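Residues per chain are reported as follows:
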Amino acid sequence: MTDNERIIRHLYEVAEVQDSAAFVKLFADDGYFYDVSAGAKYYGQDIGKTVDIYATAFPDMHRELGNFYVTDDTIIVELSLNGTHKGPLVIPAGTIAPTNQRIQAPCCDVFKLKDGKVEFFHCYTAATILFAQLGILGNIGAVLQPHG
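The following paragraphs examine the structure supplied in this document.

Here is what the cut-offs are and how they apply
Starting from 1, residues in each chain are numbered consecutively following that chain's sequence as written. Residues qualify for local features only when their pLDDT is at least 70, as the model is predicted, and side-chain atom pairs are given and counted only at 80 or more; totals for whole chains, interfaces and linings, by contrast, use all residues. Excluded from the side-chain calculation are hydrogens and water; included are all heavy atoms of the structure. A pair of strands is considered paired only if DSSP assigns at least 2 bridges between the two. By definition, any uninterrupted DSSP run of H or I lasting at least four residues is a helix, any uninterrupted run of E lasting at least two residues is a strand, and each is numbered from the N terminus. Whether two residues touch is decided by their heavy atoms; if any such pair falls within 4.5 Å, the residues are in contact. When a residue's accessible area, from a 1.4 Å probe over protein chains only, is under 20% of the maximum for its type it is buried; when over 50% it is exposed; and in between it is partly exposed. Directions are taken from the helix axis to each C-beta atom, and the arc is the one they span. A fitted line through C-alpha atoms represents every axis, and for helices the fit uses only the stretch in contact; the resulting angles, taken between N-to-C directions, go from 0 to 180 degrees.

**A word on the pairing of strand β7 (residues 102–114)**
Line of reasoning, step 1. Here strand β4 (residues 74–84) pairs with β7 via eleven bridges, running antiparallel. Counterpart to S80 in the pairing with β7 is P106.
Line of reasoning, step 2. Across eight bridges, the pairing between β7 and strand β8 (residues 117–125) is antiparallel. Its bridge partner being in β8, C107 is matched across the sheet by T125.
Line of reasoning, step 3. Taken together, β7 and the strand that follows it, β8, pair antiparallel across an intervening segment of two residues, in which D115 is found at a positive phi of about 55 degrees.

**Quick look at the environment of C123**
Line of reasoning, step 1. Position of C123 relative to the elements: it lies in strand β8.
Line of reasoning, step 2. As for C123 and I76, which are separated by 47 residues in sequence, their C-alpha atoms are 9.9 Å apart.
Line of reasoning, step 3. With residues near it in sequence (within four places) discarded, C123 still touches F33, Y34, D35, V36, S37, C107, C108 and D109.

**A look at helix α4 (residues 127–134)**
Line of reasoning, step 1. Residues L130, F131 and L134 constitute the buried set of α4. Taken around the axis of α4, the buried residues stretch over an arc of 95 degrees, which confines them to a single face.
Line of reasoning, step 2. The first or second residue beyond α4 is G135, which carries a positive phi of 80 degrees.

**Structural notes on the sheet that holds strand β2 (residues 40–43)**
Line of reasoning, step 1. Taken in spatial order, the six strands of this open sheet run β2-β1-β8-β7-β4-β3, and their pairing is mixed. Each edge of the open sheet is held by one strand with a lone partner, namely β2 and β3 (62–70). When the angles between neighbouring strand axes are averaged without regard to direction, this sheet yields 20 degrees.
Line of reasoning, step 2. Across the sheet, helix α1 (residues 3–16) touches β1 (27–35), β3, β4, β7 and β8, and the angle it forms with β3 is around 170 degrees.

Everything listed here is a matter of coordinates, which is why it stays silent on function.
Okay, here's the thing in structure tokens:
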């Protein structure tokens, strides 16, 4: 296992315990997190919001790690996001109230590291599968509450 793979495995461990401050510290000063399915990029302390959003919506969130593909400074991880939707899920279009549904949504994460820090983290969550598992795919507009 390479040092970079160890760093990314540690990043997932930090997310699992919902430590958003420690999560942010794993990023370079100019690093960012890009939630591709939501169309949102996070920089600086806002990177921690990504952990907080999922921890609020899915308090029992577990990331089941699958395959790791490692080159020098790039790591790609296949995984699934698993949990029960017990809290509000904030997305750029609004907020989805708890559905109490379980999810097991596929995801693919791409990381670029430099000098032991994450330069970027692109997260490709299968949002349509996640929304279908929440039971809202056919009527997303009806369940979204606008940001207030």
